[in-house]
Amino acid sequence: MITPSIKVMDRVILERNHFQKLIDVLITRDYRVVGPTLGEGAIVYDELNSVDKLPIGWTDDQDGGTYRLKKRSDQALFGYVVGPHSWKKFLLPSALRLWQAKRHDNGFQIIPENEEIQKFAFIGVRSCDIHAVSTQDKIFMNGQHIDPHYQSRRKDAFILAVNCGKADGTCFCVSMNTGPKVTFGFDLAVTEILEDNNHYFVVEVGTELGAEILHEVTYREANGREKKLADGIIKNTARQMGRVMDTTNIKDLLYKNYEHPRWDDVAKRCLTCANCTMVCPTCFCTTVEDVTDLTGDHAERWRKLDSCFTMDFSYIHGGSIRASTKSRYRQWMTHKLAAWIDQFGMSGCVGCGRCITWCPVAIDITEEVRAIRENEMIDTSTISGKEKTNAIA
Amino acid sequence: MAIKRKPKLAVWKFASCDGCQLSLLDCEDELLGVADRINIAYFLEASRDTVKGPYDISLVEGSITTQHDAEHIQKIRKSSKLLVAIGACATAGGIQALRNFKDVKDFISVVYASPKYIDTLDKSTPISSHVHVDFELQGCPINKRQLLEVLSAFLHGRKPNTPPHSVCIECKRRGTVCVMVAQGIPCLGPVTHAGCNAICPSYCRGCYGCYGPKETSNTGSLSSRFTRLGMNDENIVRSFRNFYATSEPFRKESEVHNHL
């Protein structure tokens, strides 16, 4: 097979049979390869040393509060969307010891954590999740306060992205302008094609490193027809979005509607269980716990993934600021969709749909926005008597 | 309150199965450390040898079900600087609080050959219904790591890390896939207090709520979900009338669905 030289932005073909080689090359280059695999009735992210560990021939069926695995009629490697895990499982571990301390005669000594982080290769990263990782990059690696724990996991990560070949019932990346086509932040991006007896990937090269790695794997040139097929698949996925969110002036919409009756309505359904924030690929809040052992000679500081849905989250002297469920749900959604824009210059939502699927009672962020938009509170202080009557009616 | 000298610990038992006290014995590896730092002054399950009060810390297991118990807990409170209620019985009345929904005399006549020997109160009540409790550690049984955490915290004068949030957070932190969403298994996790590290869902079972209600427990919304999953009212009542049947949120929810 001819191996033409490749550069960034080139598109070439990787045959299905050579996918294992790609994983092998990454392992040889000392990457810890992680990606989608079957586990506990879902597609989760875990160690991946063989192509056979991918959920070959499986897909998922998602809607508000439900997720089911289903068999596909083909042997696709990436024929599903995103599951309960996100890449923050690896980049922002749910529990992390920050340091230990040991008491001695004149005080105590801090023992720093010497973390040996093996560089990650993430296999099968979707466009929504690339946006999510880039959102967390901005939070943890930009500005004055860089998070060393995030940075040490993120800086050398290799990203093999996948252009989604299907959308699911809770997907709305098109609304959030975050997919389904992968446009940045990848080393290699593949579009999986299954036709008749051919099974291959159109691979777009995103970085020099991606080109270098692909060079060690066997590939061939892509012809016009194959490229067109790949483009068609992505366009088709974009038409399948299960959910839609109208984001027009969303910041002002939510800022103007703090007292909208819909918040009371959602508070009746919300369990404050925190599942939405835990599965959200951009939610980044952590808490810090200090522990001592019985002797009192040894202490540890732990960082744990936290959620704005707990009472402790907003606890200050005297009590929790957001005691009501209404205030907690409103805080989460308004931060995600509005305040995030002021804070980081982007939306905190990437339209992955995880918060809808994994909410035990199927609360749907797109539906909540719609309900507020369709019955928007009108600021009655600025309008006169007759208009006021009409507005309220 | 940091205690400098070797503090005296007492472990008391009321109506209960002993499982929570056993959590202390179950500490095994850590038990020597406990004995090294704490003077285990009164712990009948471990030793007949007892030291008189007052005690720095009293761990109280079990619920109050007799007049004798109701008087005894007052004495324990008086001789204890800190009183920590451990387990579902001590913090909520326990499984024996199921009697609270019925007439206890009916049970006595069915269960005992000579009901005249039985002297019991109408209701099973938590320790906090009788005396001031400094800290409550929930669970049926309690988690031994949490017990060590509570003891360590009180020994060193800091707040125990026993977060009152949902079991869901524990599932998500350990990467367990939600059994209710992915498999349609009814699960009390979203309304239940964390602490067990989400054992049941990690074995593909729904949470039984054995750690009792979490903070701001929205049982009504979860019940609606159970109904949509096909659970009838009778079974909804059963799922809430278990280890924490008489805790406020679980009791109220069971009453909504109880048509008997």
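Residues numbered from 1 in each chain as written. Chains lettered and ligands numbered in written order. Predicted model: local features only at pLDDT ≥ 70, side-chain atom pairs only at ≥ 80, totals over all residues. Heavy atoms only, no water.

1. Re the overall build of chain B
A tally of helices and strands in chain B yields 12 helices and five strands. In terms of C-alpha radius of gyration, chain B reaches 19 Å, essentially the compact-globule figure of 18 Å for 260 residues. Projected onto its principal axes, the C-alpha positions of chain B cover 55 × 50 × 25 Å. A buried classification covers 55% of the 260 residues belonging to chain B. Of the contacts formed within chain B by residues at least 6 apart in sequence, a portion of 72% connects residues at least 24 apart. Surface accessibility of chain B: about 11,900 Å² in total, with carbon and sulfur atoms responsible for 54%. Seen as two clouds, the 32 positive and the 26 negative side-chain charges of chain B have centres 3 Å apart. (Helix = DSSP H or I, 4+ residues; strand = E, 2+ residues; numbered from the N terminus. Rg over C-alpha atoms; globule rule 2.2 N^0.38 Å. Buried < 20%, exposed > 50% of the residue type's maximum accessible area, 1.4 Å probe, protein only. Contact = heavy atoms within 4.5 Å. Areas by Shrake-Rupley, 256 points an atom, 1.4 Å probe, with all protein chains shown as cover. Lys, Arg positive; Asp, Glu negative; His and termini not counted. Charge placed at Lys NZ, Arg CZ, Asp CG, Glu CD.)

2. Some remarks on the pairing of strand β3 (residues 42–47) of chain A
Residue and element names in this part refer to chain A. Two elements, strand β2 (residues 32–39) and β3, share six bridges in a ladder whose sense is antiparallel. Paired with G35 across the two strands is D46, which belongs to β3. In textbook terms, the turn of a hairpin is the stretch between consecutive antiparallel strands, and for β2 and β3 this stretch comprises two residues, one of which, E40, has a positive phi near 55 degrees. (Pairing = 2+ DSSP bridges.)

3. Comments concerning the sheet that holds strand β3 (residues 55–61) of chain B
Pairing between the strands of a sheet comes from backbone hydrogen bonds, and it takes one of two forms, parallel or antiparallel. All names here are of chain B. Overall, parallel pairing links the five strands, which are arranged β2-β1-β3-β4-β5 in an open sheet. Strand pairing shows two members of the sheet lacking a second neighbour, β2 (39–43) and β5 (135–137), which therefore form its edges. Within the sheet, the average angular offset between the axes of one strand and its neighbour, ignoring direction, is 25 degrees. As defined by bridge partners, strand β1 (residues 8–13) adjoins β3 across five bridges and the pair is classed as parallel. When the sheet's bridge partners are listed, A10 is paired in β3 with S58. (Axes fitted to C-alpha atoms, helices over the stretch in contact; angles between N-to-C directions.)

4. Topic: the confidence of the model for chain A
Low-confidence regions, as indicated by low pLDDT, have predicted coordinates that should not be scrutinised in detail. Looking at chain A, pLDDT values average 94 and 95% of them are 70 or higher. A low-confidence stretch, residues 381–393 of chain A (pLDDT under 50), is modelled with six contacts involving residues beyond four sequence positions or located in other chains. (pLDDT = per-residue confidence, 0-100.)

5. Here we look at the sheet that holds strand β7 (residues 107–112) of chain A
Residue and element names in this part refer to chain A. Taken together, the four strands give an open sheet; going across it, the order is β7-β6-β14-β13, and neighbouring strands pair in antiparallel fashion. Of all strands in the sheet, those bounded by a partner on one side alone are β7 and β13 (286–292). Across the sheet, the mean angle separating the axes of adjacent strands is 20 degrees when strand polarity is ignored. Judged from the seven bridges that link them, strand β6 (residues 95–104) and strand β14 (residues 298–305) form a sheet pairing that is antiparallel. The partner of A95 across the bridge, within β14, is K304.

6. Describing unusual backbone geometry
Cis geometry is found at the peptide bond from G53 of chain B to P54 of chain B, where omega equals 5 degrees. If you trace the backbone, P54 of chain B turns up in the loop between β2 and β3. Positive phi outside glycine occurs at A274 of chain A, with the angle close to 80 degrees. Mapping A274 of chain A onto the fold places it in the loop between α9 (262–269) and α10 (275–279). Backbone geometry places A362 of chain A, a non-glycine residue, at a positive phi of 60 degrees.

7. Let's talk about the domain arrangement of chain A
Residues and elements named next belong to chain A. Parsing chain A into structural domains produces domain 1 (11–238) and domain 2 (250–392). A C-alpha centroid distance of 28 Å is found between domain 1 and domain 2. Tallying the contact residues gives 42 residues for domain 1 and 37 residues for domain 2. Connecting domain 1 to domain 2 are four salt bridges. Ionic pairing is found between D147 and R303, a salt bridge with its closest N-O pair at 2.6 Å. At the surface where domain 1 touches domain 2, the tally comes to 28 residue pairs in polar contact (both at pLDDT 80 or more). Within the residue set of the side of domain 1 that touches domain 2, elements represented by two or more residues are β3, β4 (58–63), β5 (66–71), β6, α3 (127–141) and α5 (173–176). (Domains from an automatic or database assignment. Salt bridge = Lys/Arg side-chain N within 4 Å of Asp/Glu carboxyl O. Polar contact = N/O pair within 3.5 Å; in protein donor to acceptor, adjacent residues only side chain to side chain.)

8. Re the interface of chain A and chain B
Each side of the interface is counted separately: chain A has 47 residues, and chain B has 39 residues. On the chain A side of the contact with chain B, E40, L271 and L294 of chain A bury the most area, a combined 23% of that side's loss. Residue R37 of chain B is joined to D297 of chain A by a salt bridge in which the shortest nitrogen-to-oxygen separation is 3.8 Å. When residues of the side of chain A that touches chain B are traced back to their parent elements, those giving at least two are β3, β5, α9, α10, β13 and β14 of chain A. The element best represented in the side of chain A that touches chain B is β13 of chain A, accounting for five residues. (Buried area = accessible area lost by both parts, 1.4 Å probe.)

9. Remarks on the layout of surface pockets
Taken as a whole, the largest pocket holds about 1,300 Å³ of empty space. Taken together, 49 residues form the lining of the largest pocket, with K304 of chain A together with N143, R145, Q146 and G195 of chain B sitting closest to its centre. Mapped by element, the contributors of at least two residues to the lining of the largest pocket are β13 and β14 of chain A together with α1 (19–25), α6 (144–155), α7 (167–174) and α9 (199–202) of chain B. Per-element accounting of the lining of the largest pocket gives the leading share, six residues, to α6 of chain B. When its residues are assigned to classes, the lining of the largest pocket shows 22 nonpolar, 15 polar and 12 charged. Of the voids in this model, the second largest pocket is the one considered here, and its volume is about 750 Å³. D312 of chain A together with K159, T162, P163 and P164 of chain B are, among the 25 residues lining the second largest pocket, the residues nearest its centre. Secondary-structure elements contributing two or more residues to the lining of the second largest pocket are β13 of chain A together with β5 of chain B. Counted by class, the lining of the second largest pocket contains nine nonpolar, eight polar and eight charged residues. (1 Å grid on protein atoms, 1.4 Å probe; cavity = no way out; pocket = protein on both sides within 12 Å on 5 of 7 lines; lining within 4 Å. Points joined across faces, edges and corners; volume = space filled by probe spheres on them. Nonpolar A, V, L, I, M, F, W, Y, C, P; charged D, E, K, R; others polar.)

10. Some points on the nonpolar core
Among the nonpolar cores identified, the biggest contains 123 residues, and F19, F122, Y329, W332, M333, L337 and I365 of chain A are the most heavily contacted of them. In terms of residue count, the dominant contributor to this core is helix α11 (residues 325–344) of chain A (seven residues). Setting aside its immediate chain neighbours within four residues, F122 of chain A contacts V34, W87, F90, L91, A157, F158, I159 and L160 of chain A. If you look at the next biggest cluster of nonpolar residues, it comprises 23 residues, including V34, I86, L148 and V150 of chain B. (Core = buried A, V, L, I, M, F, W, Y, C linked by side-chain atoms within 4.5 Å.)

11. Section: a nonpolar patch on the surface
All names here are of chain B. A surface patch of nonpolar side chains, about 420 Å² in accessible area, is lined by F107, V110, V111 and Y112. Relative to the assigned elements, F107 resides in helix α5 (residues 104–111). Given the relative accessible area of 38%, F107 is considered partly exposed. (Patch = residues over 30% accessible without salt bridge, like charges linked within 9 Å, V, L, I, M, F, W, Y side chains within 5 Å.)

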